[in-house]
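Next come the chains, spelled out residue by residue.
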Amino acid sequence: MPPPHSAAPVVAAPIAPAGPIAPAAPVAAGPIAPAAPVAAGPIAPAGPIVAAPIAPAASTAAAPIAPAPTLSPTTSPTTSHWGAFSVRPDAEADGGIAVLPHPADPAPSPLLANVPGALRHRTRVRRPAVRRGWLERGPGPDSRRGREAFVEVGWDEALDLAAAEVDRVRTGPGPRAVFGGSYGWASAGRFHHAQSQVHRFLNLAGGFTASRNSYSLGTSLVVLPHIVGDAEAVLRAGSSWPTITENTELVLAFGGIPAKNVFVTPGGVTRHVTPGALEALSAHIALISPLRADLPDGLDATWYPIAPATDVALMLALAHTLIVEDLHDRAFLDRYTVGFAEFEHYVRGGDGTPKDAAWAAALCGIDAADIRALARRMAASRTLITVTWSLQRIQHGEQPVWAAIALAALLGQIGLPGGGFGHGYGSMGDVGDHGPQRRLPYLPQGRNPVAEYIPVARIADMLLNPGADYDYNGARRTYPDIRLVYWAGGNPFHHHQDLGRLRRAFARPDTVIVHEPFWTATARHADIVFPATTPLEREDLGGGRRDTHLIAMHQAVAPVGEARDDYAILSDLAARLGFGEEFTEGRTAREWLVHLYEGWRADLSAEGHAVPPFEEFWHAGDYLLPAGPSHFTLFEDFRADPDAHRLRTPSGRIEIVSETVRGFGYPDCPGHPAWLEPDEHPTAGTPLVLIANQPATRLHSQLDVGALSQGSKIHGREPVRIHPADAAARGIADGDLVRIFNSRGACLAGAVLADGLRPGVVQLPTGAWFDPVSGFDDEPWCAHGNPNVLTADIPSSRLSQGCTGQHALVDVERFDGEPPPVTVTEPPVLLRKEDL
Ligand code: PGD
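Going by what an unreviewed UniProt entry lists, the chain is known as Molybdopterin oxidoreductase and is assigned to Catenulispora acidiphila. Taken directly from UniProt, the Sequence similarities (unreviewed entry) text for the chain runs: "Belongs to the prokaryotic molybdopterin-containing oxidoreductase family." The heading Cofactor (unreviewed entry) in the UniProt record of the chain holds the text "Mo-bis(molybdopterin guanine dinucleotide)".

**Let's talk about the overall build of the chain**
A tally of regular secondary structure across the chain gives 26 helices and 32 strands. Relative to the globule expectation of 28 Å for 836 residues, the C-alpha radius of gyration of the chain, 26 Å, shows essentially globular dimensions. Along the longest, intermediate and shortest principal axes, the C-alpha atoms of the chain span 80 × 70 × 55 Å. Within the chain, contacts between residues at least 6 apart in sequence are counted, and of these 77% link residues at least 24 apart. As displayed, the chain offers around 26900 Å² of accessible surface, 53% of which is attributable to carbon and sulfur atoms. Side-chain charges in the chain split into 68 positive and 90 negative, and the spacing between the mean points of these groups amounts to 3 Å.

**Focus on the packing of aromatic side chains**
Under the defined criterion, the tally for this structure stands at 30 aromatic pairs. Ring centres of Phe-493 and Phe-770 lie 6.2 Å apart, and the angle between their planes is 5°; this geometry places the pair in the stacked category. Residue Phe-493 is found in helix α16 (residues 492-495), and its partner Phe-770 is found in the loop between β29 (761-763) and β30 (781-782); the two are separated by 277 residues along the sequence. Aromatic rings pair up to connect Phe-191, Phe-201, Tyr-486, Tyr-567, Phe-579, Phe-583 and Trp-592 into one cluster. A cation over a ring is seen here: Arg-212 above Tyr-453, with NZ or CZ 3.6 Å from the ring centre.

**A closer look at the side chain of Arg-477**
Looking at the secondary structure, you find Arg-477 in strand β17 (residues 475-478). With a relative accessible area of 15%, Arg-477 lands in the buried category. Side-chain polar atoms of Arg-477 contact the side chain of Glu-452, separated by 3.1 Å. Separated by 3.0 Å, the side chain of Arg-477 and the backbone oxygen of Tyr-453 make a polar contact. Not counting residues up to four positions away in its chain, the partners in contact with Arg-477 are Glu-452, Tyr-453, Ala-468, Asp-469, Tyr-470 and Tyr-472.

**Things to note about the packing of helix α12 (residues 357-364) against helix α13 (residues 368-380)**
Direction vectors running N to C along α12 and α13 enclose 120°, while the axes themselves pass 8 Å from each other. As for the relative orientation of α12 and α13, their crossing is right-handed in sense. Along the contact surface, α12 presents Ala-357, Ala-358, Ala-360, Ala-361 and Cys-364, while α13 presents Ala-368, Ile-371 and Arg-372. Residues that form the contact of α12 with α13 fall into these classes: seven nonpolar, no polar and one charged.

**Thoughts on the sheet that holds strand β5 (residues 129-131)**
Here seven strands make up an open sheet; going across it, the order is β7-β18-β19-β20-β5-β6-β32 and the pairing mixed. Where the open sheet ends on each side, the last strands, each with one partner, are β7 (178-179) and β32 (830-832).

**Remarks on the UniProt feature "domain: Molybdopterin oxidoreductase N-terminal" (unreviewed entry) in the chain**
If you check UniProt for "domain: Molybdopterin oxidoreductase N-terminal" (unreviewed entry), the listed places come out as residues 78-120 in our numbering. As annotated, residues 78-120 has a helix share of 12% and a strand share of 35%, and its two end C-alpha atoms lie 17 Å apart.

**What to know about the domain arrangement of the chain**
The assigned domain composition of the chain is domain 1 (11-22 + 219-436 + 634-664) and domain 2 (129-214 + 447-539 + 563-589). Each of domain 1 and domain 2 was reduced to a C-alpha centroid, and the two centroids are 38 Å apart. Counting from both sides, the interface comprises 10 residues of domain 1 and, opposite them, eight residues of domain 2. Its largest share of buried area at the contact with domain 2, domain 1 owes to Leu-221, Val-222 and Phe-664, together 58% of the area lost on that side. Here domain 1 is connected to domain 2 by zero salt bridges.

**Describing the site of the ligand**
Every one of the 35 residues lining the ligand counts as a neighbour, but Ser-187, His-495, Glu-516, Asp-566 and Ser-701 are closest to it. One nitrogen or oxygen atom from the side chain of Gln-694 is found 3.0 Å from a nitrogen atom belonging to the ligand. Here the residues of the shell around the ligand are counted per class, giving 10 nonpolar, 21 polar and four charged.

**Focus on helix α4 (residues 194-205)**
With 12 residues, α4 ought to run about 16 Å at 1.5 Å a step, and its terminal C-alpha atoms sit 16 Å apart, in line with that. Counting buried positions over the 12 residues of α4 gives 11, a clear majority of the element. For α4, the set of buried residues is Ala-194, Gln-195, Ser-196, Gln-197, Val-198, His-199, Arg-200, Phe-201, Leu-202, Asn-203 and Ala-205. Just past α4, the residue Gly-206 takes up positive phi, approximately 125°.

**Quick notes on the sheet that holds strand β22 (residues 549-553)**
Reading across from one edge, β21-β22-β23 is the order of the three strands in this open sheet, with antiparallel pairing throughout. The open sheet has two edge strands with one neighbour each: β21 (540-542) and β23 (622-624). Across the sheet, the axes of successive neighbouring strands diverge by a mean angle of 15°, strand direction being ignored. With three bridges connecting them, β22 and β23 associate as antiparallel partners. The residue of β23 that forms the bridge with Leu-550 is Tyr-623. Contacts from helix α21 (residues 589-606) reach β21, β22 and β23 within the one sheet, and its direction differs from that of β21 by about 40°.

**Some points on unusual backbone geometry**
Positive phi, close to 55°, is recorded for Asp-326, a residue that is not glycine. Among the structural elements, Asp-326 can be located in the loop between α9 (311-324) and α10 (330-336). In this structure Asp-326 comes out as exposed when scored by relative accessible area, which is 55%. Positive phi, close to 60°, is recorded for His-396, a residue that is not glycine.

**Notes on the pairing of strand β13 (residues 383-387)**
Burial runs high along β13: five of the five residues are buried. Burial along β13 is two-sided: Thr-383, Ile-385 and Val-387 and Leu-384 and Thr-386, pointing in opposite directions, are all buried. Where strand β9 (residues 250-254) and β13 come together, five bridges link them in parallel fashion. Bridging from a neighbouring strand, Phe-254 pairs with Val-387 of β13. Examined bridge by bridge, β13 and strand β14 (residues 420-423) share four bridges and lie parallel to one another. What sits directly across from Ile-385, in β14, is Phe-421. Chirality of the crossover, the property in question, places the unit of β13, helix α14 (residues 398-411) and β14 among those that are right-handed.

**Considering the pattern of salt bridges**
Where charged atoms from two side chains of opposite charge come close, those side chains can pair. Throughout the structure, instances matching the rule amount to 56 salt bridges. The closest approach of N and O atoms between Arg-483 and Asp-481, which form a salt bridge, is 2.8 Å. The network of salt bridges with common partners includes Arg-131, Arg-137, Asp-142, Arg-144, Arg-145, Glu-148 and Asp-527.

**As for the side chain of Asp-811**
By secondary structure assignment, the location of Asp-811 is in strand β31 (residues 807-814). Exposure remark for Asp-811: the relative accessible area of 13% places this residue in the buried category. Among the polar contacts made by the side chain of Asp-811, one reaches the side chain of Arg-730 at a distance of 2.8 Å. Setting aside residues no more than four positions away along its own chain, Asp-811 makes contact with Ala-684, Gly-685, Thr-686, Pro-687, Leu-688, Arg-730, Arg-739, Ile-740 and Phe-741.

**A few points about the packing of α9 against α12**
Each pair of packed helices can be summarised by the angle the axes make with each other and by the distance between the axes. Relative orientation of the contacting elements α9 and α12 amounts to 165°, with a least axis distance of 9 Å. Relative to α12, the element α9 lies roughly antiparallel. In this structure, α9 meets α12 at a crossing whose hand is left-handed. Across from Ala-313, Leu-314, Leu-316 and Ala-317 in α9, the residues of α12 making contact are Ala-357, Trp-359, Ala-360, Leu-363 and Cys-364. Grouping the amino acids of the contact of α9 with α12 by side-chain chemistry returns nine nonpolar, no polar and no charged.

Criteria and cut-off values
- Residues numbered from 1 in each chain as written.
- Predicted model: local features only at pLDDT ≥ 70, side-chain atom pairs only at ≥ 80, totals over all residues.
- Heavy atoms only, no water.
- UniProt positions renumbered as here; feature names shortened; annotations may be inferred.
- Helix = DSSP H or I, 4+ residues; strand = E, 2+ residues; numbered from the N terminus.
- Rg over C-alpha atoms; globule rule 2.2 N^0.38 Å.
- Contact = heavy atoms within 4.5 Å.
- Areas by Shrake-Rupley, 256 points an atom, 1.4 Å probe, with all protein chains shown as cover.
- Lys, Arg positive; Asp, Glu negative; His and termini not counted.
- Charge placed at Lys NZ, Arg CZ, Asp CG, Glu CD.
- Phe/Tyr/Trp six-rings, centres within 6.5 Å; stacked < 30°, edge-to-face > 60°.
- Lys NZ or Arg CZ within 6 Å of the ring centre and 35° of its normal.
- Buried < 20%, exposed > 50% of the residue type's maximum accessible area, 1.4 Å probe, protein only.
- Polar contact = N/O pair within 3.5 Å; in protein donor to acceptor, adjacent residues only side chain to side chain.
- Axes fitted to C-alpha atoms, helices over the stretch in contact; angles between N-to-C directions.
- Left-handed = near helix turned anticlockwise from the far one by under 90°.
- Nonpolar A, V, L, I, M, F, W, Y, C, P; charged D, E, K, R; others polar.
- Pairing = 2+ DSSP bridges.
- Domains from an automatic or database assignment.
- Buried area = accessible area lost by both parts, 1.4 Å probe.
- Salt bridge = Lys/Arg side-chain N within 4 Å of Asp/Glu carboxyl O.
- Near = heavy atom within 4 Å.
- Expected span 1.5 Å × (residues − 1).
- Right-handed = clockwise from strand over helix to strand, strands pointing away.
- Parallel < 35°, antiparallel > 145°, perpendicular 65-115°, else oblique.

Laid out in structure tokens, this is it:
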């Protein structure tokens, strides 16, 4: 038996993996950036870089955007999803700016290094552009979408074309034919939040088909309410890090606590706490992941290199040991849960298969003796069971979440400090954060008169199958017939699975309108592209969930090219469509900030907090929010008094068995946590499991042209990590260009040989901008390394219809031919009207 995969210090009682896994060298977690200034990387700017002159955003006919009155001559505070920072002009630096982290941030994000080089990169959309075929032939389904040149036009012409098309569809096929889900992370900023702006606009235009849930959590958001009554409770009120560091003795970390993700929180984060919390943690961590990098080095940890997608088998086996050795807490189960007897029957083998350690070992590759030892250690310790969000982003993704809650219930520690269940430690920066959870200023979106929606990851199904029926959370629904797709602030050609299929789906509508700062693959698959500003080019209020500060986001540089704010674009469209006044309410962007801030300030002042008036706040650059409690425990109230604090489940208790879910009759999501075989198994043609996880060098696909992201590429392609044994079997050396392929598509990537992953597993992060090689339309291949050409567009189950992008079966081969060039880091072919 080979030695264990332990991070230093080595554990006293090592637990060895079952399979033939060589000992791993310590794998470094994502580096924590020094406190600044953040150096721009080696990306050459396209044009001459000058110290950025500061100019007001472009004005619009409907809502003139007033010159920003308080532009800082030196540094401009701002924020991003990966942290607050400020910007100062620096003629010597990439992009003409230097970036300085917020002084209150103990662990600034390395992702800040992407900002300068991306700001004025040659892939910025500089002028409105219309796909040539759409301009010449008009709206209609078109498989040439994404394959044709664009014609740059003036703002008025582009706005006239877009307004006429919105009007044609809303008054003809009707607002249900407008898809405005517009999913995506866009940028930090409470007012210029692209999706909120689009929804407000489309609501006033007559409504739209919406989308529900997210690619992050599409499965948990649906299944958690059936188990514990409320997804928000789990996701927003998870036990805080101080509670965990002081009380937890053992963390069972399914999916680990990956350091690379903890820099990110939607809307912004001023003070990153997770890196410090991990340093303070004295608990032993059982890292259960195929990837060693899913936990930072230097912690007291044991690595269990589990086979991908087999966590449920391990959880059931742990439950089996707890039950047969009478280590479970019957009193807790009786008082706080329903369904244990049926679950026990299943675990003990009521269906003919005892879910014991030997059974699980054969599936998950963890030694049976080690499984039993781990269960005993769990029962003897204050144990926190955590599941990363990535674990539910697979087929049957409901099961790991449900089984982990059942396992925590067996231990009887739910609601005790440092014990119980957590979801997303290491998936997002604010999970475990004890920053104040205050409502922040927000833009009202109005009401959508159209009730139609889809679960967000069903976009391609909807576009390809209008009128088809599908299941979702107990309902039978029908896909609408979409004629117009309107998108701002998202990149479906990054975030969706099976991009070849998505291309076919995007050929179906009559028109696709996109607002984008960059020529992403989504912009390239649009008919009308509006150039959008980035946060550095406009003013806003910034802050995320549990953020400690509200940030005055100053405009730092002039808009690049002719870019305008989403608000300005939509104001002009609204004016053309006859509801300009309702959309703007007569306010400039700056007046909206004052209006939103002052309304929020009034609410906080009524609670007794001294909040400065807008001008004072704006001048200061940020406002330190009133602190909240530092110690809290998920389900503490429920444990203290389960009658007074009933869960919002039918029973009021934790539902280990849900009669509601059972009643839906879905074979792919039965009434209790269960081991369900995935549809796809490794075969001779696709023997490797690809893990397509979140990147360490950018947020999703954002700023992929920035220095940190580009600096990680190999031959200009995304790096893929492969075990030396798998590489040797294929004649692949470190740094080789490789082709990753399956029946859905292929991509090129640069090989990195790494023993910190389980043999048979390769890891390619998401977010390299999709760069389809022409001539391979049926099985597209991407010259740049986007894993979503390989992933399957299948739902987690009929219950939640969540995305399943985390895994795909593939093979890898050395690529010896002349590689197709990476073209997505250059703008597309842009014509002038006079060239036509
Ligand atoms: P981003 O790259 O953040 O990805 O998918 P998402 O679409 O959110 O895209 C945001 C886009 O908004 C960028 O192109 C950016 O340039 C643009 N943008 C930024 N600011 C503005 C603005 O002010 N105005 C406008 N108009 N545009 C702006 C992320 C999604 O990917 C998520 S959340 C997850 S968790 C999924 N994860 C996986 C996964 O684990 N595995 C796979 N295979 N696939 C995934 N996809 C999902």
